[in-house]
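Listed below, chain by chain, are the residues.
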Amino acid sequence: MIKPLPSGSGTNATLARHVLRLAGEIGDRNYLLAEAQKSAASYISDQFRLSGYEPIEQAYPVPGPKGQVQLRNILAKRPGSQPQSPILVVGAHYDTKSGTPGADDNASGIAGLLELARRFHGTTGSIELRFVAFDSEEPLFFFTKNKGIPRITSPTTYRPSSTMLRWPMS
Ligand SMILES: [Zn+2]
């Protein structure tokens, strides 16, 4: 039997709401479904904003079936007190494998990311925390340079000693 969803403002309820919004209401979201992908991106930006961040959108074009498509990574930064200290990137992708609602892959990862970001807002620490929802992880981008991840990890945004945690871990 399926358990009812938790209600209220606790962590479980919040995580469930993110998954429901992304996988249940928006559903399949990838470069083939630009509108759904845009809705997912705005939802993520809004959530970062609600947590107190000024989200940064990193847009990039990729070739789509009917011409170029704009994809975007969304970043929220909790600054570190040491400007040259490493950055800890906490990331999850929000696109789906075509034809799936993407609940465990990867709305659940995004839910965890948003909740962690919310909890870390306003905290202090020596290292910068960079929460990143990235695009184009799934096929066809799996083995190409068009993935969202390399854009985050490019030398300009990623210091050499930085570490990245992401969902799924593979
Ligand atoms: Zn995935």
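Cut-off values and rules
- Residues numbered from 1 in each chain as written.
- Predicted model: local features only at pLDDT ≥ 70, side-chain atom pairs only at ≥ 80, totals over all residues.
- Helix = DSSP H or I, 4+ residues; strand = E, 2+ residues; numbered from the N terminus.
- Contact = placed C-beta atoms within 7 Å.
- pLDDT = per-residue confidence, 0-100.
- Buried ≥ 20, exposed ≤ 12 C-beta atoms within 10 Å, placed from the backbone.
- Pairing = 2+ DSSP bridges.
- Right-handed = clockwise from strand over helix to strand, strands pointing away.

A. Main features of the overall build of the protein chain. Looking only at helices and strands, one finds four helices and five strands in the protein chain. Reading the secondary structure of the protein chain in the N-to-C direction produces α-α-β-β-β-α-β-α-β. Intrachain contacts of the protein chain at a sequence separation of at least 6 include 68% that bridge at least 24 residues.

B. Here's a closer look at the confidence of the model for the protein chain. This prediction gives the protein chain a mean pLDDT of 85; 81% of its residues lie at or above 70. When pLDDT is averaged over each helix and strand of the protein chain, the minimum, 68, is found for helix α4 (residues 148-152) and the maximum, 95, for helix α2 (residues 34-50).

C. View of the pairing of strand β4 (residues 128-134). The buried count for β4 comes to five of seven residues, which makes it a mostly enclosed element. Both strand β3 (residues 87-93) and β4 contribute to a ladder of seven bridges, which runs parallel. Along β4, the bridge assignment pairs Ile-87 with Glu-128. Crossover connection from β3 via helix α3 (residues 103-120) to parallel β4: handedness right-handed.

D. Molecular detail of the environment of Lys-147. With respect to the element layout, Lys-147 can be found in the loop between β4 and α4. Along the sequence, Lys-147 and Val-62 sit 85 residues apart, while their C-alpha atoms lie 9.2 Å from each other.

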